[in-house]
Protein chains: 2
Amino acid sequence: MDTMMGSASQNLKPELHFWFDFASTYSYLSAMRIETVARDRSVNVVWHPFLLGPIFRKQGLETSPFNIIPAKGRYMWRDMERQCEVLGLPLVQPDPFPQNSLFAARLAHVGRHEPWIGAFVRAVFYAEFGGGLDISDPALLAGMLMEAGADAKATLAKAESMDIKIGLRAAVSEAETQGIFGAPSFVTSSGELFWGHDRMEEALNCALLLTD
Amino acid sequence: MDTMMGSASQNLKPELHFWFDFASTYSYLSAMRIETVARDRSVNVVWHPFLLGPIFRKQGLETSPFNIIPAKGRYMWRDMERQCEVLGLPLVQPDPFPQNSLFAARLAHVGRHEPWIGAFVRAVFYAEFGGGLDISDPALLAGMLMEAGADAKATLAKAESMDIKIGLRAAVSEAETQGIFGAPSFVTSSGELFWGHDRMEEALNCALLLTD
């Protein structure tokens with residue numbers, strides 16, 4: 001009964017779709033904060049792990065724009081330092097940057113509607129940008145799944161399945177259809193798109209206004 | 001006496017260097033607000049008109065990134081609509097975009113230390129993004145110079161001089177030396193760089209803290 005009521009009231013809550021790539025620096029800032037900030041506004045977060053790589057390649061970019069334009073990359077790391085200091089988050093530059101985020105994204109795609117998704121996403125980002133760890137390491141990811149409360153073995157196995165590989169590829173196509181070209185991005189149920197951590201709160205407020 | 005005291009107390013004020021290109025959409029937002037917001041914090045604005053074109057060309061871009069990546073361009077105009085609505089600013093997409101900002105930049109370079117610079121910069125941005133006018137039109141610019149309190153005839157003549165042409169080119173080089181790769185950008189006297197209208201207030205606060 002409790003569960004049913006909880007679920008019914010949850011369905012009335014406005015939703016905000018959060019699109020992130022584990023390799024993206026500014027996605028780290030949003031991922032660590034979005035669930036708390038959304039809860040304050042009674043907005044539900046819908047998690048959308050995806051990959052920027054295929055989108056960048058269509059734009060003719062072989063790697064992160066932060067690597068292609070050195071001045072932009074130097075600036076981004078300095079800006080990240082400042083933003084992390086304000087938010088009280090640690091910052092370590094992972095090597096290599098960007099990290100290979102494919103397997104972590106497949107795992108998150110498996111669990112995107114599971115109760116453990118938020119804790120798992122935060123654990124991956126924190127290990128990568130707070131600790132400089134290699135997020136393509138299956139052993140590291142397995143530990144994070146367990147910590148988050150997932151069935152690690154089953155989730156790791158599912159992440160290798162054709163369904164999930166195709167599903168993640170479809171998520172990338174869906175991102176493009178929604179006009180997404182970078183991460184983090186936020187989309188309201190009315191299709192309003194916001195790009196960048198700097199727009200997270202504006203996006204949450206917009207999602208909230210839709211139900212007023 | 002008044003002037004001397006004014007000038008002496010002005011020299012004690014912290015400074016923030018504001019780098020802008022008249023063709024840049026987000027520079028419009030900063031240009032319309034920076035003098036008011038800086039005055040509230042007793043920070044002096046140092047105006048740096050420059051050109052993004054030569055910097056983009058070195059990055060291999062032939063036009064604005066907003067034109068090269070259509071999804072990014074569509075997003076930018078929607079985001080500008082939302083930001084302008086919040087700030088109470090009108091928004092019209094100039095045609096062509098980006099506008100040719102060379103002559104306006106030369107005029108602003110002539111007047112960059114003059115008392116009329118703020119009013120002139122705002123008039124150009126407002127005509128371009130608030131009214132959709134062609135900011136390469138010398139007659140339009142002459143009217144704006146007069147309105148701002150400049151000697152229009154002398155300023156227009158100076159803008160065609162070799163000194164000013166070379167001076168503006170040197171400003172572009174200086175921007176690159178300071179690590180600038182986009183506009184608007186803000187640089188404190190300690191060399192701290194901030195990029196984008198979203199960082200304007202953080203940059204002003206940083207400039208202020210340096211003198212505490």
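First, a word on scope: everything that follows refers to the structure included in this document. Only a predicted model underlies this, so the values are computations on that prediction, with no experimental measurement involved.

We now examine the overall build of chain A. Scanning chain A from terminus to terminus reveals 11 helices and four strands. By principal-axis analysis of the C-alpha atoms, chain A measures approximately 55 × 40 × 35 Å. Taken over 212 residues, chain A has a buried fraction of 51%. The long-range share in chain A, meaning contacts at least 24 apart out of those at least 6 apart in sequence, stands at 73%. As presented, chain A carries roughly 10,000 Å² of accessible surface, and 54% of it is formed by carbon and sulfur atoms. Treating the 18 positive side-chain charges of chain A as one cloud and the 25 negative ones as another, the clouds have centres 3 Å apart.

Residue and element names in this part refer to chain B. Judged by pairing direction, the sheet is mixed, and its four strands sit side by side in the order β2-β1-β3-β4 without closing on themselves. Single-partner strands in this sheet number two, and they are β2 (44-49) and β4 (193-195). With direction set aside, neighbouring strand axes in the sheet form an average angle of 20°.

So, about the layout of surface pockets. To find leftover empty space, a probe the size of one water molecule is rolled over the atoms. The computed volume of the second largest pocket comes to approximately 580 Å³. Lining the second largest pocket are 20 residues, and of these A:H197, A:D198, A:R199, B:D198 and B:R199 sit closest to its centre. Listed by contribution, the elements that provide at least two residues to the lining of the second largest pocket are α5 (70-87) and α11 (200-209) of chain A together with α5 (70-87) and α11 (200-209) of chain B. Grouping the constituent residues of the lining of the second largest pocket by class yields six nonpolar, four polar and 10 charged.

Our next topic: the relation of the copies chain B and chain A. Once chain B has been moved 0.0 Å along the axis and rotated by 180°, it coincides with chain A to within an RMSD of 0.0 Å. A rotation of that kind, with that shift, is consistent with a two-fold axis. Closest to the rotation axis within chain B is the C-alpha of B:D198, separated from it by 3.6 Å. Looking at chain B, 100% of its interface residues are interface residues in chain A too, so the copies touch through the same face.

So, on to the interface of chain B and chain A. By a frequent convention, interface size equals the accessible area lost on bringing the separate parts together. With 18 residues of chain B at the interface, the matching set in chain A holds 18 residues. Both faces considered, chain B and chain A share a buried interface measuring about 1,900 Å² in area, 49% of it formed by carbon and sulfur atoms. For B:D79, the salt bridge is made with A:R199, and the minimal N-O distance between the two is 2.9 Å. Taken together, the links from chain B to chain A amount to 14 residue pairs in polar contact (both at pLDDT 80 or more).

Residue and element names in this part refer to chain A. Ordered in space as β2-β1-β3-β4, the four strands form an open sheet in which the pairing is mixed. Both edges of this open sheet fall to β2 (44-49) and β4 (193-195), since each of them pairs with a single strand only. Strand-to-strand twist across the sheet, computed as the mean angle between neighbouring axes with direction ignored, equals 20°. Bridging between strand β1 (residues 15-20) and strand β3 (residues 185-188) involves four bridges; their strand directions are antiparallel. Each residue of the ladder has a partner; that of W19, found in β3, is S185.

A word on the pairing of β1(A). Where a strand is regular, its side chains alternate between the two sheet faces. Residue and element names in this part refer to chain A. Counting buried positions along β1 gives five out of six residues, so the element sits mostly inside the fold. Pairing between β1 and β2: six bridges, direction parallel. Note on β2: the bridge partner recorded for H17 is V46. Handedness of the crossover is the feature at issue here: the chain leaves β1, passes through helix α2 (residues 25-40), returns alongside β2, and the resulting connection is right-handed.

Rules used throughout
- Residues numbered from 1 in each chain as written.
- Chains lettered and ligands numbered in written order.
- Predicted model: local features only at pLDDT ≥ 70, side-chain atom pairs only at ≥ 80, totals over all residues.
- Heavy atoms only, no water.
- Helix = DSSP H or I, 4+ residues; strand = E, 2+ residues; numbered from the N terminus.
- Buried < 20%, exposed > 50% of the residue type's maximum accessible area, 1.4 Å probe, protein only.
- Contact = heavy atoms within 4.5 Å.
- Areas by Shrake-Rupley, 256 points an atom, 1.4 Å probe, with all protein chains shown as cover.
- Lys, Arg positive; Asp, Glu negative; His and termini not counted.
- Charge placed at Lys NZ, Arg CZ, Asp CG, Glu CD.
- Pairing = 2+ DSSP bridges.
- Axes fitted to C-alpha atoms, helices over the stretch in contact; angles between N-to-C directions.
- 1 Å grid on protein atoms, 1.4 Å probe; cavity = no way out; pocket = protein on both sides within 12 Å on 5 of 7 lines; lining within 4 Å.
- Points joined across faces, edges and corners; volume = space filled by probe spheres on them.
- Nonpolar A, V, L, I, M, F, W, Y, C, P; charged D, E, K, R; others polar.
- Least-squares fit on C-alpha atoms with pLDDT ≥ 70 in both.
- Buried area = accessible area lost by both parts, 1.4 Å probe.
- Salt bridge = Lys/Arg side-chain N within 4 Å of Asp/Glu carboxyl O.
- Polar contact = N/O pair within 3.5 Å; in protein donor to acceptor, adjacent residues only side chain to side chain.
- Right-handed = clockwise from strand over helix to strand, strands pointing away.

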